[in-house]
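# Topology and contacts: notes
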Amino acid sequence: MKKLFYLLSLIGAFLVLGRTSLFADGLNSIYTSDGVYIVAAGDNGNILRSQNGGDSWNKSTAGSTNFKSVYIFGTDVWITSGNGVVYKSSTSSTSLTPYPSGVSTSVNSIYFVNGNVGYLCGDNGVIMTTANGGATWTPSNSGIANVRLNAISFKDAMNGIVAGDNGTVYVTDNGGTSWTPAALSTTRNLLDAKYFSDGIAVCGEWGTLFTKTTSGSWTQIGTRIRSDIRSISGSSITDVHVCGGGGFIRNNNNSSVDFLNFEKNPMLANLVDIVYAGGKGFAVSSLNNAVIRTTNSGMSWTMPSGTSVSYTWEAKPGASGSFLGNNICLHPTDRNVVFQAFGNQVYRSGNKGETWTPIGTQTPSGNTPHSFYVSPLDTNIWLIATESGPDKVYRTTNYGQSWTEVISQNFTSYGQPLEMDQNNPHVFYFAPDNGGFYKSSDDGATFHLISNYNFRSPCDILVMWDNSDVIFLADGITGSGQATLFKSTDMGLNWTLVRTNASSSEIPSMCNSIFDKSTFFTTEWPGSNIYKTTNFGDNWFVDHTTTFSGWGSDIAHEDPSVIITGSWSNKATMTLDGGDTWVDISSGLSGHGGGILSPERGYIIAQQGSSFYKLKITYTVITSVGENVISSVPKEFNLSQNYPNPFNPSTKINFDLPKSGSMTLKVYNQLGKEVSTLASGYRNAGSYEITFDASSLSSGIYFYKLEANGISVTKKMLLVK
């Protein structure tokens, strides 16, 4: 149950962070020059700062400004905005000084080659430069078209690159005095560019990625994904790290020219920016404030300390009915559109499964579809295998307005007998009960018997990526006590038994990835094992044992580290590290399981019972605080009593600093153990307000302690739940 449509690859203290709407709250940019002092910024004035390498974070809010890009050079920090203003601060201050850039439109990217000379780019072909640290800006866009520019980067004071919409790329070798277009073979919007000392990398929508060495020509990387690559970082053209989509991070270390090194990380939400410095890396999502971090050059990534995550399936309205097998299909060119078949009706969603509308006419007979496909070559062509006594395969060539019977043979009562060859979508395979294997080479218009192999009741068919000669067929009968798996290396003409499950009757689902053709996963029913092969299906082992019998499964289409499996009941499980560890994600499910699809890491959908479900992931983070400057310089040092007190679950703490300097504000329990750092580092003289939310703490007495300029004050507060 996989339906892996990759057509285009072929041709605050506790911040509750949820995946809600795209680019709503969260962070748009992050930067560090040393891996110690880090600044991240986003919409609605959202700024996070860390002075200890990401161990803890301080949050501040600067009005309703939408921040776009962050850069740090030395002790200076610059943050651009959507209104043309460049804000400047320092590594020792949280205050922002606004400097108009001379335009009122969005400034999307900023880069400094030293403490004085910098460049920015933005909407309408804007490129500007400064020679005085950002105090004043002058145009520097000679030769630039009127197009949205999204990224600017320099190797040194002379050599730079800018990239933008519609495949726009310009380079300069004279410090921006003039720009020369670079011809890249794409019209996709380009979202980031990085000029390394030995080469350039440019990325963008729909998996677009180009690289070139200093003296070489542009090479387009076959990333084989449909999601966007949004950001680039690294130390050289042979150490490039990119992120995007629903949370993937990839690199080209160890000469992996196709960027097939996937950095295992815990984020299941879009990653929009990434930065590396000295082996440390940080990445952010526009959907939440959880800054993920690596301290080992991407070998592993972690959430901020104390972060918790919840997984909840939500039923989505508009489509219901009976089904068996997997009947979910993606649109080949519109990433918001997904199709599914329930009963004898096909449904379409234009918003990634949030709502559904019936389309086309009902199939002539049958009300239990087992396999459904929308051709990625022509979305007017659909194929559906449905129980109708005898069972039938129907086809439409006019978007479901009329249907034609293609083949009539009984097939499995519980699996999916029809499969498309993802390497050649003109080709379909059909496996009925009691033997025989059929092939269509004309988009499902006709099927021909190519093998008389004596299968019993095939549950699933799977074609290997990039090698249509290799096909797997899972065979089983309910109650037989023997599930079998077969492999063909000659496009289905001959078959070899490669596995027998004596403890189960069916292998209801198989899944594989375009990124690692040697690795497959299967489920079993009844039985709780998830099986894995790493040698092209010749040998298998138990990768994980669940508490439920398996059913549907899929590998995230942009990252093979993420695998999801379901059950015939209301259970599901997921791994984010290729099967090393698994987590239960059953909350919210009801009824029996069916198809599962993961177009992106953070976009996971399923047919379940008689409804369609979508996985919602919510992060709760304990690594930042709500901090605001609320007045001018006070006359004396003061720590106010929190209000309200007692409180549940949040309270405000105000303090006054008459002198600038380093400070800390920490919370301790009755045993004197530190439970939270609310603020730390350098602060300008002023009055501050901290919002402390103790949702994860138990009722009781707590103490908060302010230390600054050699003075220490402690006060008591009471949490009552």
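From a predicted model like this one, the values you see are computed outputs, not experimental measurements.

Turning our attention to the overall build of the protein chain. Of the regular secondary structure elements, the protein chain holds one helix and 64 strands. For a compact globule of 721 residues, the expected C-alpha radius of gyration is about 27 Å, and the protein chain comes in at 28 Å, within 12% of that figure. Projecting the C-alpha coordinates of the protein chain onto the three principal axes gives extents of approximately 90 × 65 × 45 Å. Burial statistics for the protein chain: of 721 residues in total, 60% are counted as buried.

Backbone hydrogen bonds hold the strands of a sheet together, and the pairing may be parallel or antiparallel. Within the open sheet, the four strands sit side by side as E50-E51-E52-E53. Their pairing is antiparallel. This sheet does not close on itself; its edge strands, each paired only once, are strand E50 (550-555) and strand E53 (583-584). Note that E50 and strand E51 (residues 563-567) share four bridges and pair antiparallel. Within E51, the residue paired with aspartate 554 across the bridge is isoleucine 564.

To continue, consider unusual backbone geometry. Going from tyrosine 643 to proline 644, the amide bond is cis rather than trans, its omega being -5°. Asparagine 645 connects to proline 646 through a cis peptide bond whose omega is 5°. With a phi close to 55°, asparagine 44 is a non-glycine residue in the positive phi region. Secondary-structure assignment places asparagine 44 in the loop between strand E3 (38-41) and strand E4 (46-50).

Our next topic: the pairing of strand E35 (residues 382-387). Across the six residues of E35, five count as buried, placing the element largely inside the fold. The sheet contact formed by strand E34 (residues 368-374) and E35 spans six bridges and is antiparallel. By the bridge assignment, tyrosine 373 is partnered in E35 with leucine 383. Bridge analysis of E35 against strand E36 (residues 392-396) gives five bridges, and the strand direction is antiparallel. In the strand pairing of E36, leucine 383 is matched with arginine 395. Hairpin remark: E35 followed by E36, antiparallel, with four residues in the connecting loop; positive phi at glycine 389, about 55°.

This next bit is on the nonpolar core. In terms of nonpolar packing, the biggest core is built from 46 residues, with Ile30, Ile152 and Val162 touching the most fellow members. Beyond its immediate sequence surroundings of up to four residues, isoleucine 152 is in contact with Ser109, Ile110, Tyr111, Tyr119, Leu120, Cys121, Ile127, Ile161, Val162 and Trp179. Ranked by size, the runner-up nonpolar core spans 31 residues in total, among them Trp301, Trp313, Ala556 and Ile585.

For the rest of this paragraph, the subject is the packing of aromatic side chains. One pass over the structure, following the stated rule, counts 32 aromatic pairs. Where tryptophan 78 meets phenylalanine 112, the ring centres are 3.6 Å apart and the plane angle is 10°; that geometry is what we call stacked. Placement of tryptophan 78 in strand E7 (residues 76-81) and of phenylalanine 112 in strand E10 (residues 107-112) is noted, with a sequence separation of 34 residues between them. Accessibility assignment for this pair places tryptophan 78 and phenylalanine 112 in one class, buried. Residues tyrosine 119 and phenylalanine 154 carry aromatic rings whose centres are separated by 3.9 Å and whose planes lie at 15° to one another, so their mutual orientation is stacked. With tyrosine 119 in strand E11 (residues 118-122) and phenylalanine 154 in strand E14 (residues 149-154), this pair connects stretches of sequence that are 35 residues apart. Each of the two residues, tyrosine 119 as well as phenylalanine 154, counts as buried. Among the aromatic residues, those joined into a cluster by ring pairs are Tyr31, Tyr71, Tyr111, Tyr119, Phe154 and Trp179. Across from the ring centre of tyrosine 531, 4.1 Å away, lies the NZ or CZ of arginine 499, which sits over that ring. Lying over the aromatic face of tryptophan 540, arginine 499 brings its terminal NZ or CZ to 5.0 Å of the ring centre.

Let us now look at the sheet that holds strand E43 (residues 471-475). As summarised here, the arrangement of the four strands in space is E42-E43-E44-E45, forming an open sheet in which the pairing is antiparallel. The sheet terminates laterally at strand E42 (458-463) and strand E45 (496-501), the two strands that pair on one side only. Neighbour-to-neighbour, the strand axes of the sheet open up by a mean angle of 15°, direction not taken into account. Pairing of strand E44 (residues 483-488) with E45 involves five bridges; the strand directions are antiparallel. Across the sheet, threonine 484 pairs through a bridge with threonine 500, a residue of E45.

If you trace the backbone, phenylalanine 703 turns up in strand E63 (residues 700-708). Taking the C-alpha atoms as reference points, phenylalanine 703 and leucine 418, 285 residues apart in sequence, are found 65 Å from one another. For phenylalanine 703, the contacting residues outside a window of four places in its chain are Lys666, Val667, Tyr668, Asn669, Gln670, Thr714, Lys715 and Lys716.

What follows is about the pattern of salt bridges. Oppositely charged side chains can pair when the atoms bearing their charge come close. If you walk through the whole model with that rule in mind, you get 16 salt bridges. The salt bridge partner of lysine 316 is glutamate 314, with a shortest N-O separation of 3.1 Å. Relative accessible area serves as the criterion here: at 12%, lysine 316 is assigned to the buried category. Residues lysine 392 and glutamate 405 are paired through a salt bridge, measuring 3.1 Å at the closest nitrogen-oxygen approach. Residue lysine 392 is found in strand E36, and its partner glutamate 405 is found in strand E37 (residues 404-408); the two are separated by 13 residues along the sequence. Judged by relative accessible area, which is 14%, lysine 392 ranks as buried.

Another point: the state of the cysteines. One pass over the structure, following the stated rule, counts zero disulfides. We note that cysteine 329 lacks a disulfide partner, and the nearest cysteine sulfur, in cysteine 511, lies 16 Å from it.

Here we come to the environment of valine 667. The topology assignment puts valine 667 in strand E60 (residues 661-668). A residue is classified by how much of its surface remains accessible, and valine 667, at 0% relative accessible area, is buried. Residues valine 667 and tyrosine 704 lie 37 residues apart in sequence; the distance between their C-alpha atoms is 4.4 Å.

So, on to the environment of alanine 201. With respect to the helices and strands, alanine 201 occurs in strand E19 (residues 199-204). With a relative accessible area of 0%, alanine 201 lands in the buried category. For the pair alanine 201 and valine 242, spaced 41 residues apart in sequence, the C-alpha separation works out to 9.7 Å.

Another point: the confidence of the model for the protein chain. When pLDDT is averaged along the protein chain, the result is 92, and 95% of the positions lie at 70 or above. Overall, residues 1-24 carries pLDDT values under 50, and its contacts beyond four positions in sequence, including any with other chains, amount to 123 contacts.

Among the secondary structure elements, aspartate 421 is positioned in the loop between strand E38 (418-420) and strand E39 (428-430). No salt bridge forms around the buried aspartate 421; measuring N to O, its nearest opposite-charge neighbour lysine 439 is 6.9 Å away. Looking at aspartate 421, its side chain comes within polar contact range of the main-chain nitrogen of asparagine 423, at 2.9 Å. Here the side chain of aspartate 421 touches serine 468 through a polar contact of 2.7 Å, side chain to side chain.

Cut-off values and rules
- Residues numbered from 1 in each chain as written.
- Predicted model: local features only at pLDDT ≥ 70, side-chain atom pairs only at ≥ 80, totals over all residues.
- Heavy atoms only, no water.
- Helix = DSSP H or I, 4+ residues; strand = E, 2+ residues; numbered from the N terminus.
- Rg over C-alpha atoms; globule rule 2.2 N^0.38 Å.
- Buried < 20%, exposed > 50% of the residue type's maximum accessible area, 1.4 Å probe, protein only.
- Pairing = 2+ DSSP bridges.
- Core = buried A, V, L, I, M, F, W, Y, C linked by side-chain atoms within 4.5 Å.
- Contact = heavy atoms within 4.5 Å.
- Phe/Tyr/Trp six-rings, centres within 6.5 Å; stacked < 30°, edge-to-face > 60°.
- Lys NZ or Arg CZ within 6 Å of the ring centre and 35° of its normal.
- Axes fitted to C-alpha atoms, helices over the stretch in contact; angles between N-to-C directions.
- Salt bridge = Lys/Arg side-chain N within 4 Å of Asp/Glu carboxyl O.
- Disulfide = S-S within 2.5 Å.
- pLDDT = per-residue confidence, 0-100.
- Lys, Arg positive; Asp, Glu negative; His and termini not counted.
- Polar contact = N/O pair within 3.5 Å; in protein donor to acceptor, adjacent residues only side chain to side chain.

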